[in-house]
Amino acid sequence: GAVVSQHPSWVICKSGTSVKIECRSLDFQATTMFWYRQFPKQSLMLMATSNEGSKATYEQGVEKDKFLINHASLTLSTLTVTSAHPEDSSFYICSAPLAGSYFYEQYFGPGTRLTVT
Amino acid sequence: AQSVTQLDSQVPVFEEAPVELRCNYSSSVSVYLFWYVQYPNQGLQLLLKYLSGSTLVKGINGFEAEFNKSQTSFHLRKPSVHISDTAEYFCAVGHNAGGTSYGKLTFGQGTILTVHP
């Protein structure tokens with residue numbers, strides 16, 4: 001089956017620093033990946049759509065300068081949280097659809113727990 | 001606007017009892033429907049999906065769901081639950097509206113299923 005990995009699985013950083021989270025499709029190519037964040041005991045909220053070779057598109061209310069997305073290859077998308085603050089602490093999850101499939105059928109990574117102190 | 005409502009935030013049941021987790025959605029276009037399970041501190045695992053065809057879909061771990069277009073529902077069922085089914089379950093809808101919404105999923109608020117011995 002399609003496998004999506006994320007690295008790191010958890011990270012603790014100090015306020016004001018930047019953190020990079022990687023999302024990889026291990027056994028398939030993904031021209032598009034989606035980034036979500038999930039607060040404790042809440043649902044997933046789509047942050048942005050990452051497109052290989054072009055700029056990411058962000059959902060309303062998401063600061064593009066704070067959450068930098070780079071889709072450098074067909075198997076890798078990165079999310080960089082710049083100048084992180086405690087309110088950015090959350091669970092970040094990426095997903096990717098299989099090319100040629102129903103585009104809505106997505107495979108999710110295991111998530112990255114970010115804690116900003 | 002599209003929305004997904006999971007009618008129960010928590011569902012406690014005893015082991016080997018049947019369970020139904022309810023999901024309703026609103027959309028003005030055709031939809032694709034999914035149920036995901038999330039174990040603590042993990043990503044989402046696909047349980048089952050409705051893309052087209054038969055409205056009764058079967059998934060992994062003995063779960064099934066029925067797409068009811070007239071009632072805009074996609075309830076998840078299992079005839080006999082196990083302790084290992086304890087987790088949070090998310091209903092998700094992909095709205096086939098094309099354009100910038102292509103591929104995006106809207107998630108419900110989640111239902112925590114707790115199976116007691």
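Our structure is the block above this text.
Fair warning: this is a prediction, and the values are worked out from it, not measured in the lab.

**Regarding the overall build of chain A**
Part 1 of the argument: Helix and strand content of chain A: 0 helices and 11 strands.
Part 2 of the argument: Its C-alpha atoms give chain A a radius of gyration of 13 Å, within 12% of the compact-globule value 13 Å for 117 residues.
Part 3 of the argument: On the principal axes, the C-alpha backbone points of chain A span a range of 40 × 25 × 20 Å.
Part 4 of the argument: Across the 117 residues that make up chain A, the buried fraction comes to 50%.
Part 5 of the argument: Considering only intrachain contacts with a sequence separation of at least 6, the fraction spanning at least 24 residues in chain A is 55%.
Part 6 of the argument: A total accessible area of about 5600 Å² is found for chain A, and carbon and sulfur atoms account for 54% of it.
Part 7 of the argument: Looking at charge distribution, chain A has the averaged site of its 9 positive side-chain charges lying 7 Å from that of its 9 negative ones.

**Points about unusual backbone geometry**
Glycine aside, a negative phi is what most residues show, and trans is what most peptide bonds show.
Part 1 of the argument: That bond from His7 of chain A to Pro8 of chain A is cis: its omega, 0°, falls within 30 degrees of zero.
Part 2 of the argument: Note on placement: Pro8 of chain A falls in the loop between β1 (4–7) and β2 (10–13).
Part 3 of the argument: With a phi close to 45°, Ser83 of chain A is a non-glycine residue in the positive phi region.
Part 4 of the argument: In this structure, Asn61 of chain B takes a positive phi of about 60° despite not being glycine.
Part 5 of the argument: Mapped onto the secondary structure, Asn61 of chain B falls in the loop between β7 (56–58) and β8 (64–68).

**Focus: the state of the cysteines**
Residues and elements named next belong to chain A.
Part 1 of the argument: Counted according to the given criterion, the structure contains 2 disulfides over all chains.
Part 2 of the argument: Between the sulfur atoms of Cys23 and its disulfide partner Cys94 the distance amounts to 2.0 Å. In this structure the cystine formed by Cys23 and Cys94 twists about its S-S bond by roughly 85°; its chirality is therefore right-handed. Taken as a pair, Cys23 in strand β3 (residues 19–25) and Cys94 in strand β9 (residues 90–97) lie far apart in primary sequence, 71 residues in all. Both residues of the pair, Cys23 and Cys94, belong to the buried class.

**Here we look at the packing of aromatic side chains**
Part 1 of the argument: For the structure on display, the rule yields 12 aromatic pairs over all chains.
Part 2 of the argument: Joined through ring pairs, the aromatic side chains of Tyr36 and Phe108 of chain A together with Phe34, Tyr36, Phe90 and Phe107 of chain B make up one cluster.

**Brief notes about the interface of chain A and chain B**
Part 1 of the argument: Counting residues at the interface gives 20 residues for chain A, matched by 25 residues for chain B.
Part 2 of the argument: Of the roughly 1900 Å² buried at the junction of chain A and chain B (both faces included), carbon and sulfur atoms supply 59%.
Part 3 of the argument: Linking chain A with chain B are 1 salt bridge, by the criterion used here.
Part 4 of the argument: Between Glu59 of chain A and Lys104 of chain B there is a salt bridge whose closest N-O contact spans 2.7 Å.
Part 5 of the argument: The tally of links between chain A and chain B comes to 5 residue pairs in polar contact (both at pLDDT 80 or more).
Part 6 of the argument: When contributions to the side of chain A that touches chain B are tallied by element, the ones reaching two or more residues are β4 (32–38), β5 (44–51), β9 and β10 (106–108) of chain A.
Part 7 of the argument: Grouping the constituent residues of the side of chain A that touches chain B by class yields 11 nonpolar, 6 polar and 3 charged.

**A closer look at the nonpolar core**
Part 1 of the argument: Ranked by size, the top nonpolar core spans 27 residues in total, and within it Leu33, Trp35, Leu47, Leu48, Phe74, Leu76 and Tyr89 of chain B carry the most contacts.
Part 2 of the argument: Not counting the four nearest positions on each side in its chain, Leu48 of chain B is found in contact with Leu33, Phe34, Trp35, Val57, Lys58, Gly59, Phe63, Glu64, Ala65, Phe74 and Leu76 of chain B.
Part 3 of the argument: Ile21, Cys23, Leu79 and Leu114 of chain A belong to the second largest nonpolar core, which has 24 residues in total.

**Considerations on the sheet that holds β3 of chain A**
All names here are of chain A.
Part 1 of the argument: With respect to topology, 4 strands assemble into an open sheet ordered β1-β3-β8-β7, the strand pairing being antiparallel. The open sheet has two free edges, formed respectively by β1 and β7 (67–73), since each of these has just one partner strand. Taken over all neighbouring pairs, the strand axes of this sheet differ in orientation by 20° on average, direction set aside.
Part 2 of the argument: In the sheet, β3 pairs with strand β8 (residues 76–81) via 6 bridges, with the strands oriented antiparallel. Counted as the bridge partner of Lys20 is Thr80 from β8.

**Description of the pairing of β5 of chain A**
Residues and elements named next belong to chain A.
Part 1 of the argument: With respect to burial, β5 is a largely interior element, 7 of its 8 residues being buried.
Part 2 of the argument: Judged from the 7 bridges that link them, β4 and β5 form a sheet pairing that is antiparallel. What sits directly across from Trp35, in β5, is Ala48.
Part 3 of the argument: Once β4 ends, the chain turns through 5 residues before running back antiparallel as β5, passing Lys41 with a positive phi of about 60°.
Part 4 of the argument: Bridge analysis of β5 against strand β6 (residues 57–58) gives 2 bridges, and the strand direction is antiparallel. Along β6, the bridge assignment pairs Ala48 with Tyr58.
Part 5 of the argument: Hairpin connection from β5 to β6: 5 residues lie between these consecutive antiparallel strands, with Gly53 at a positive phi of about 80°.

Conventions used here
- Residues numbered from 1 in each chain as written.
- Chains lettered and ligands numbered in written order.
- Predicted model: local features only at pLDDT ≥ 70, side-chain atom pairs only at ≥ 80, totals over all residues.
- Heavy atoms only, no water.
- Helix = DSSP H or I, 4+ residues; strand = E, 2+ residues; numbered from the N terminus.
- Rg over C-alpha atoms; globule rule 2.2 N^0.38 Å.
- Buried < 20%, exposed > 50% of the residue type's maximum accessible area, 1.4 Å probe, protein only.
- Contact = heavy atoms within 4.5 Å.
- Areas by Shrake-Rupley, 256 points an atom, 1.4 Å probe, with all protein chains shown as cover.
- Lys, Arg positive; Asp, Glu negative; His and termini not counted.
- Charge placed at Lys NZ, Arg CZ, Asp CG, Glu CD.
- Disulfide = S-S within 2.5 Å.
- Phe/Tyr/Trp six-rings, centres within 6.5 Å; stacked < 30°, edge-to-face > 60°.
- Buried area = accessible area lost by both parts, 1.4 Å probe.
- Salt bridge = Lys/Arg side-chain N within 4 Å of Asp/Glu carboxyl O.
- Polar contact = N/O pair within 3.5 Å; in protein donor to acceptor, adjacent residues only side chain to side chain.
- Nonpolar A, V, L, I, M, F, W, Y, C, P; charged D, E, K, R; others polar.
- Core = buried A, V, L, I, M, F, W, Y, C linked by side-chain atoms within 4.5 Å.
- Pairing = 2+ DSSP bridges.
- Axes fitted to C-alpha atoms, helices over the stretch in contact; angles between N-to-C directions.

These values are about where atoms sit, not about what they do.
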